[in-house]
Amino acid sequence: MARALIFDVDGTLAETEEAHRAAFNAAFEDAGLAWHWDRAQYEALLKVTGGKERIRHFVRSTGGDPRHAENAFIRALHAEKTRHYTGIVAGGGLELRPGVRELIDHARKTGLRLAISTTTTLANVEALLGAAFGGMDLFEVIVAGDMVAQKKPAPDAYLETLRRLDLAPAECLALEDSANGLRAALAAGLDTLVTPSVYTAGEDFSGARAVLPDLGALQAVGWDVDHPSLQSASHRV
Ligand code: XBP
Ligand code: MG
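A brief report on the enclosed structure follows. Since the structure is predicted, the reported quantities are computational estimates derived from the model, not experimental observations. (Residues numbered from 1 in each chain as written. Chains lettered and ligands numbered in written order. Predicted model: local features only at pLDDT ≥ 70, side-chain atom pairs only at ≥ 80, totals over all residues. Heavy atoms only, no water.)

Some remarks on the layout of surface pockets
Item 1. If you add up the space inside the largest pocket, you get close to 420 Å³.
Item 2. Taken together, 32 residues line the largest pocket, and the ones lying closest to its centre are E17, L46, T49, R54 and T119.
Item 3. Of all the secondary structure elements, the ones that give two or more residues to the lining of the largest pocket are α1 (17-30), α3 (51-61), α4 (71-90) and α8 (179-187).
Item 4. Of the residues in the lining of the largest pocket, the class split is four nonpolar, 15 polar and 13 charged.
Item 5. Built from parts of two domains, the lining of the largest pocket gets at least three residues from each of domain 1 (4-15 + 94-236) and domain 2 (17-90). (1 Å grid on protein atoms, 1.4 Å probe; cavity = no way out; pocket = protein on both sides within 12 Å on 5 of 7 lines; lining within 4 Å. Points joined across faces, edges and corners; volume = space filled by probe spheres on them. Helix = DSSP H or I, 4+ residues; strand = E, 2+ residues; numbered from the N terminus. Nonpolar A, V, L, I, M, F, W, Y, C, P; charged D, E, K, R; others polar. Domains from an automatic or database assignment.)

Written out as structure tokens, the structure reads:
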């Protein structure tokens, strides 16, 4: 029986990655770099989680200037990217995915605890939750970005979330959109419900408890996150 829901952010709460891509490209332009990530390139780069890690991977895999792979350079460039991204989100540039608000309302009414486990920067979570819910208070635990040693697909963020909730994996359900996120949640011992997003639709979600087009589909089972019918293959997209 689930006692807490642990949400991923990017791709799960909202389709954020086009805003991230725009923010990366704006930061590159500001810095006078002749880099521009198009959708196809970004889809491949998303396999590397974390914006700073993604930039470093891009520089190294394209044989770029080694100075562009140094920590201080990447940190400064990524801070500009975060400034652009939070500006887009605070300006109302994103909407929650279908069913997200309703599931969170349902959780509050039924006493299910709420947490966030994400590789994105904490300021990005703050901007999104601020725009969508007026603040971060609904979520009693938020583990984000560099708060853990290793980003997804490592289980660190989920393990830290469980530690802070003081709950066992069997008492929680993870909500994810990507194979990297699913691997992280499974490695932490969590049942995981996947709602694929625009960039992750073709990924392998083996091991997920269910794969649904979006969280609105949970309405069909009365928002019962423990409902056995969710295990049915007919729920796969
Ligand atoms: C999301 C990410 C993040 C964002 C960018 O993965 O990998 O890196 O793309 O955010 P998940 P930052 O949904 O699995 O958490 O630039 O702040 O890292
Ligand atoms: Mg995600």
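On we go from here.
Details of the sheet that holds strand β3 (residues 141-143)
Item 1. An order of β3-β2-β1-β4-β5-β6 is seen for the six strands of this open sheet, with the pairing classed as parallel. Each edge of the open sheet is held by one strand with a lone partner, namely β3 and β6 (210-211).
Item 2. Two elements, strand β2 (residues 113-117) and β3, share three bridges in a ladder whose sense is parallel. Bridge pairing in β3 places I116 opposite I142.
Item 3. Helix α5 (residues 100-110) contacts β1 (4-7), β2 and β4 (172-176) of the sheet and is inclined by roughly 150 degrees relative to β1.
Item 4. In the packing of helix α7 (residues 156-165) onto the sheet, contacts are made with β1, β2, β3 and β4, and the angle to β3 comes to roughly 155 degrees. (Pairing = 2+ DSSP bridges. Contact = heavy atoms within 4.5 Å. Axes fitted to C-alpha atoms, helices over the stretch in contact; angles between N-to-C directions.)

Examining the site of ligand 1
Item 1. In the vicinity of ligand 1 there are 18 residues, among which G51, R54, H78, K81 and T121 approach most closely.
Item 2. Between an oxygen atom of ligand 1 and a main-chain N or O atom of G51, the distance comes to 2.6 Å.
Item 3. Between ligand 1 and N124 there is a distance of 3.0 Å, counted from an oxygen atom to a side-chain nitrogen or oxygen.
Item 4. Per-element accounting of the shell around ligand 1 gives the leading share, three residues, to α1.
Item 5. Lining the shell around ligand 1 are residues from two domains, each supplying at least three of them: domain 1 (4-15 + 94-236) and domain 2 (17-90). (Near = heavy atom within 4 Å. Polar contact = N/O pair within 3.5 Å; in protein donor to acceptor, adjacent residues only side chain to side chain.)

Structural notes on the side chain of H20
Item 1. Relative to the assigned elements, H20 resides in helix α1.
Item 2. Judged by relative accessible area, H20 falls into the buried class, the value being 3%.
Item 3. Side-chain polar atoms of H20 contact the side chain of K81, separated by 2.7 Å.
Item 4. In this structure, H20 is in contact with D10, Y42, K81, Y85, T120 and N124, ignoring residues within four places of it in sequence. (Buried < 20%, exposed > 50% of the residue type's maximum accessible area, 1.4 Å probe, protein only.)

Notes on the nonpolar core
Item 1. Counting 37 residues, the largest nonpolar core has L5, F7, L13, L103, I116 and L218 as the members making the most contacts within it.
Item 2. Put simply, the parts of the chain that give this core at least two residues each are β1, α1, α4, α5, β2, α6 (122-133) and β4.
Item 3. For this core, the element with the highest residue contribution is α6, accounting for five residues.
Item 4. The residues touching L103, leaving out its near neighbours within four places in the chain, are L5, F7, L175, L215, L218, W223 and V225.
Item 5. In this structure, A4, A157, Y158 and A188 belong to the second largest nonpolar core, which totals 17 residues. (Core = buried A, V, L, I, M, F, W, Y, C linked by side-chain atoms within 4.5 Å.)

Focus on the side chain of T118
Item 1. Mapped onto the secondary structure, T118 falls in the loop between β2 and α6.
Item 2. Among the polar contacts made by the side chain of T118, one reaches the main-chain amide nitrogen of T120 at a distance of 3.0 Å.
Item 3. For T118, the residues in contact, after removing those within four places along its chain, are D8, V9, D10, V125, V143, A144, G145 and K152.

A few points about the coordination of the magnesium ion (ligand 2)
Item 1. In the first shell of the magnesium ion (ligand 2), the protein supplies D8 (OD), D10 (O) and D177 (OD), at 2.1 Å from the metal.
Item 2. For the magnesium ion (ligand 2), all donor residues lie on one chain, and their spacing in sequence is D-x1-D-x166-D. Here D177 lies in the loop between β4 and α8 and D10 lies in the loop between β1 and α1, a separation of 167 residues in the sequence.
Item 3. The exposure class of D10 is buried, given its relative accessible area of 11%.
Item 4. Classification of D177 by relative accessible area gives buried; the value is 4%. (Donors = N, O, S within 2.8 Å, 3.2 Å for Na, K, Ca; no water.)

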